[in-house]
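Topology and contacts: notes
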Amino acid sequence: MERIDIPKKAIYRLSIYHRCLRRLEELEEETVSSTALAKAAGVKPAQLRKDLAYFGQFGTRGLGYPVAALAGMIRDVLGRERLQPVILVGAGNLGSALLRYQGFQKEGFEVVAAFDADPAVAAARGVQVPVLPEAEMEDFIQRENVRLAILCVPGPIAQLLANRLVAAGVAGILNFSPVVLDVPEPVVVNNVDLAIELEHLSFFVR
């Protein structure tokens with residue numbers, strides 16, 4: 001499919017729709033209404049229809065959306081027809097926990113290697129993914145054509161490692177380090193700060 005220019009927030013919602021559709025596929029459901037899919041995804045039906053309009057006319061009024069076909073189109077747009085290789089940098093406590101997470105492949109991603117300043121200590125944590133010396137990171141990225149990375153290192157060294165990732169060809173970073181990274185366009189960084197998320201959550205449960 002020709003690449004479609006879709007806003008970042010819509011891409012995030014497409015990922016949620018895809019997860020809902022995958023569950024419907026597992027239940028062998030053939031069609032789903034916009035109302036039912038929107039409810040499962042936690043959005044309004046109008047927002048769902050607007051997001052799916054990026055594909056052009058899709059679905060049949062009164063019959064809903066064909067589950068398998070819609071899931072396939074979203075997979076194609078999100079680049080999930082094959083597993084996308086991902087590396088993880090920083091295999092400490094958090095990094096090792098992420099390496100043991102089994103959900104990445106279900107969503108179309110494969111963590112092919114991890115890199116750490118002390119691979120032996122990281123490997124002793126019982127992860128199945130190969131843990132390699134940090135010095136080998138650039139060669140691996142270029143050899144395996146890796147475009148996505150997960151960054152789980154202490155704040156003081158996060159920018160340095162981000163610079164190395166970008167220079168080696170990484171175009172997207174999922175950043176668990178507690179700093180705001182400065183990267184050139186068109187590199188994309190998604191920040192995950194668990195402390196800030198808890199802070200936001202605590203505001204609503206006072």
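Residues numbered from 1 in each chain as written. Predicted model: local features only at pLDDT ≥ 70, side-chain atom pairs only at ≥ 80, totals over all residues. Heavy atoms only, no water.

- As recorded in an unreviewed UniProt entry, the protein goes by the name Redox-sensing transcriptional repressor Rex, listed as coming from Haloferula sargassicola.
- As its UniProt record puts it under Sequence similarities (unreviewed entry), the protein is described as follows: "Belongs to the transcriptional regulatory Rex family."
- The UniProt entry for the protein carries the following comment under Subcellular location (unreviewed entry): "Cytoplasm". (UniProt positions renumbered as here; feature names shortened; annotations may be inferred.)

A closer look at the UniProt feature "DNA-binding region" (unreviewed entry) in the protein
- UniProt marks residues 16–55 with the feature "DNA-binding region" (unreviewed entry), using the numbering shown here.
- For the annotated span residues 16–55, helix accounts for 68% and strand for 5% of the residues, and the straight-line distance between the end C-alpha atoms is 16 Å. (Helix = DSSP H or I, 4+ residues; strand = E, 2+ residues; numbered from the N terminus.)

Let's talk about the pattern of salt bridges
- Applying the stated rule across the entire model yields six salt bridges.
- Of the charged contacts, one joins Arg22 and Glu26 as a salt bridge, the two residues approaching to 3.5 Å between their closest N and O atoms. Taken together, the positions of Arg22 and Glu26, both in helix H1 (residues 8–26) and four residues apart, correspond to about one turn of that helix.
- The class for Arg22 is buried, based on a relative accessible area of 18%.
- The class for Glu26 is exposed, based on a relative accessible area of 57%.
- Salt-bridge contacts for Arg164 lead to Glu134; the nearest nitrogen and oxygen are separated by 3.3 Å. Taken together, the residues Arg164 in helix H8 (residues 155–168) and Glu134 in the loop between strand E5 (131–133) and helix H7 (137–144) connect sequence positions 30 residues apart.
- We classify Glu134 as partly exposed; its relative accessible area is 22%. (Salt bridge = Lys/Arg side-chain N within 4 Å of Asp/Glu carboxyl O. Buried < 20%, exposed > 50% of the residue type's maximum accessible area, 1.4 Å probe, protein only.)

Let's talk about the UniProt feature "binding site: NAD(+)" (unreviewed entry) in the protein
- UniProt tags Gly90, Ala91, Gly92, Asn93, Leu94 and Gly95 as "binding site: NAD(+)" (unreviewed entry).
- Position of Gly92 relative to the elements: it lies in the loop between strand E3 (84–89) and helix H5 (93–99).
- For Gly92, a relative accessible area of 25% corresponds to the partly exposed category.
- Ignoring sequence-local partners within four residues, the contact set of Gly92 consists of Asp116 and Arg125.
- Checked against the element boundaries, Gly95 lands in helix H5.
- In this structure Gly95 touches Leu88, Gly90 and Cys152, once residues within four positions along its chain are discounted. (Contact = heavy atoms within 4.5 Å.)

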